Amino acid sequence: MKRKNNFLFYIVSFLTDIVIGVVLLASPLLAIKLKADSLQLGGLGFIVSIFYILFCIPFGKLSDRWRRKYMVVLGCFLYLFSSLSISLATCFFHLLIFMALIGIAGAMFWPSFEAWIAERGKGKLIKRISFFNVSWSLGVAIGPLICGILFELNYRFPFYFAALLSGGVIYLILKKLPAYKGEEKVIITGGISPVKDCALENSYLNLARIANFTGWFAIGTVRYLFPKLSVEIGIQPTILGILIFLPFISQALFFYILGFSSRWHYRLFPLVFFQILGAVGILCIFLIPSLFVFGISFIFLGMTTGISYFSSIFYSLSSSQDKGKKASIHEVFLGGGALAGPLIGGIFAQIYNLKVPYLIASLVILAGIIIEIYLARKSKGQKV
């Protein structure tokens, strides 16, 4: 495959996550405009994630037997249709229906696309995953910036923009990317020593999945509930877009750094260290209502999800078989966190106040750390 085509894979993931970044900020802002309360906002995050989780594994398995390209294109068409539909929502119930379609679109697109990238031929898997992670993180970081500006002009503009960009992505996939379906042997190079003990390798994968769940629990809380807090304390949509930009740009930079190092591979300490940073950061949102503190907290959270997501997807795709299935399980853990965060946080916000969800998210990350350390100690020969 030509280098140009290789680069286009990262362009596609970048543009697709701009779409997601726009829609996932514009939707709760639209819900607030439709007088949604905290519990309903949590339900919005729940409905996206539950449909994503339910369909991820079936579509991931299907992509192992069908061409990846077909699944990816179908997902993009559904993103386009859903974005246009949300712009027409006139009540919260309409919004729930269309956000369910966003979840299904993601289940079609991401496991298939991740497996497609992983099997693109010989080379350094760690580099491919690094560039992929950087590209989607930049997209989902830039999306809220664009959304904040467009939403202030007209609440429908972000959804029109997302639909238009989805059409552009469909064109790139159909006209520029090759219809490739193969199981070429993946060569893992670049300073990593393969783990020969399968039980130990699976142990690290499980630890990374737990960390990924807890990190995205916090991200889901921020995505769907922080807009309500920001409105209450007088933060404008443009400033909100900048704040939501921070965890994802931090994540993207961390992905880039991790792609050039093997020192974190199959080690527990780096994973736990950055999770602690994220727990402290998200706790500060609960304790100190300050724009500066919010910014630092989101940067720490981006570093947390950076290492946990990278660990989970790298350990999942290192295998030469069933990449679609394993990528879908990786996404299910991510989606589970993104589902539980806004739902549980929304309930506590409704009962107590808008800051309590961030205390809950911090405690969930700390609970995940405790479980990871316990499981690590049970695994003989674990390198910490």
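Keep in mind the model is a prediction, meaning the values are calculated, not measured.

Undergrad: How would you summarise the overall build of the protein if you had to cite specific residues and measurements?
TA: Of regular secondary structure, the protein possesses twelve helices and zero strands. The order of α-helices and β-strands along the protein, N terminus first, is α-α-α-α-α-α-α-α-α-α-α-α. Considering the protein as a whole, with its 384 residues, one finds that 60% of them fall into the buried category. Across the protein, contacts joining residues at least 24 apart in sequence account for 87% of those joining residues at least 6 apart. Counting only carbon and sulfur atoms, one obtains 69% of the accessible surface of the protein, whose full area is about 15100 Å².

Undergrad: Could you give an account of the confidence of the model for the protein, naming the residues involved and the relevant values?
TA: Looking at the protein, the pLDDT average stands at 87 and 88% of residues meet or exceed 70. Throughout residues 181–194 the model reports pLDDT below 50, and contacts reaching past four residues in sequence, or to other chains, amount to 36 contacts.

Undergrad: Lay out the packing of aromatic side chains with the relevant residues and their values.
TA: Aromatic rings in a pair are described by how distant their centres are and how their planes are angled relative to each other. Evaluated as defined, the whole model comprises 30 aromatic pairs. Relative to Phe 55, the ring of Phe 51 lies with its centre 6.4 Å away and its plane at 10°, an arrangement referred to as stacked. Taken together, the positions of Phe 51 and Phe 55, both in helix 2 (residues 38–65) and four residues apart, correspond to about one turn of that helix. With relative accessibility at 26%, the residue Phe 51 sits in the partly exposed group. Joined through ring pairs, the aromatic side chains of Trp 136, Tyr 204, Trp 216, Phe 255, Trp 264, Tyr 266, Tyr 309, Phe 310, Phe 314 and Tyr 315 make up one cluster.

Undergrad: Report on helix 9 (residues 268–287), specifying residues and quantitative values.
TA: Between the first and last C-alpha of helix 9 there are 29 Å, a value that for 20 residues agrees with the 28 Å anticipated at 1.5 Å per step. Inspection of helix 9 places Leu 268, Pro 270, Leu 271, Val 272, Phe 274, Gln 275, Gly 278, Ala 279, Gly 281, Ile 282 and Ile 285 among the buried residues, and these make up the whole buried set.

Undergrad: Could you give an account of the side chain of Lys 69, naming the residues involved and the relevant values?
TA: By secondary structure assignment, the location of Lys 69 is in helix 3 (residues 68–87). Here Lys 69 falls in the buried class, since its relative accessible area comes to 9%. A polar contact is formed between the side chain of Lys 69 and the backbone oxygen of Ile 173, at a distance of 3.2 Å.

Undergrad: Could you give an account of the environment of Ile 244, naming the residues involved and the relevant values?
TA: Structurally, the position occupied by Ile 244 is in helix 8 (residues 237–258). We classify Ile 244 as buried; its relative accessible area is 4%. With 17 residues separating them in the primary sequence, Ile 244 and Pro 227 have C-alpha atoms 9.3 Å apart. Excluding its chain neighbours within four sequence positions, the residues that come into contact with Ile 244 are Leu 25, Pro 144, Val 222 and Phe 226.

Undergrad: For the nonpolar core, give the residues involved together with the corresponding values.
TA: One finds Met 99, Phe 113, Ile 173 and Phe 226 to be the most contacted residues of the largest nonpolar core, which totals 126 residues. The element that contributes the greatest number of residues to this core is helix 1 (residues 3–33), accounting for 17 residues. Here Ile 173 is in contact with Val 12, Lys 69, Val 72, Val 73, Cys 76, Phe 109 and Trp 116, once residues within four sequence places are set aside.

Undergrad: Tell me about the environment of Glu 331, residues and numbers included.
TA: Mapped onto the elements of the fold, Glu 331 is located in helix 11 (residues 323–351). When the C-alpha atoms of Glu 331 and Trp 110 are compared, they prove to be 7.9 Å apart, with 221 residues separating the residues in sequence. The contact partners of Glu 331, leaving out residues within four places of it in the chain, are Tyr 52, Cys 56, Trp 110, Pro 111, Glu 114 and Tyr 309.

Undergrad: Describe helix 6 (residues 157–176), naming the residues involved and giving the relevant values.
TA: With 20 residues, helix 6 should reach 28 Å at 1.5 Å per residue; the first-to-last C-alpha distance of 28 Å fits that figure. Considered for burial, the residues of helix 6 that qualify are Pro 158, Phe 159, Ala 162, Ala 163, Leu 165, Ser 166, Val 169, Ile 170, Leu 172 and Ile 173.

Undergrad: How would you summarise a nonpolar patch on the surface if you had to cite specific residues and measurements?
TA: A cluster of nonpolar side chains, namely Leu 84, Ile 149, Leu 153, Phe 157 and Tyr 160, defines an oily patch on the protein surface of about 480 Å² accessible area. Looking at the nonpolar patch, the elements with two or more residues in it are helix 5 (125–153) and helix 6. Along the chain, Phe 157 falls in helix 6. Since its relative accessible area comes to 36%, Phe 157 is described here as partly exposed.

What counts and how
- Residues numbered from 1 in each chain as written.
- Predicted model: local features only at pLDDT ≥ 70, side-chain atom pairs only at ≥ 80, totals over all residues.
- Heavy atoms only, no water.
- Helix = DSSP H or I, 4+ residues; strand = E, 2+ residues; numbered from the N terminus.
- Buried < 20%, exposed > 50% of the residue type's maximum accessible area, 1.4 Å probe, protein only.
- Contact = heavy atoms within 4.5 Å.
- Areas by Shrake-Rupley, 256 points an atom, 1.4 Å probe, with all protein chains shown as cover.
- pLDDT = per-residue confidence, 0-100.
- Phe/Tyr/Trp six-rings, centres within 6.5 Å; stacked < 30°, edge-to-face > 60°.
- Expected span 1.5 Å × (residues − 1).
- Polar contact = N/O pair within 3.5 Å; in protein donor to acceptor, adjacent residues only side chain to side chain.
- Core = buried A, V, L, I, M, F, W, Y, C linked by side-chain atoms within 4.5 Å.
- Patch = residues over 30% accessible without salt bridge, like charges linked within 9 Å, V, L, I, M, F, W, Y side chains within 5 Å.
- Salt bridge = Lys/Arg side-chain N within 4 Å of Asp/Glu carboxyl O.

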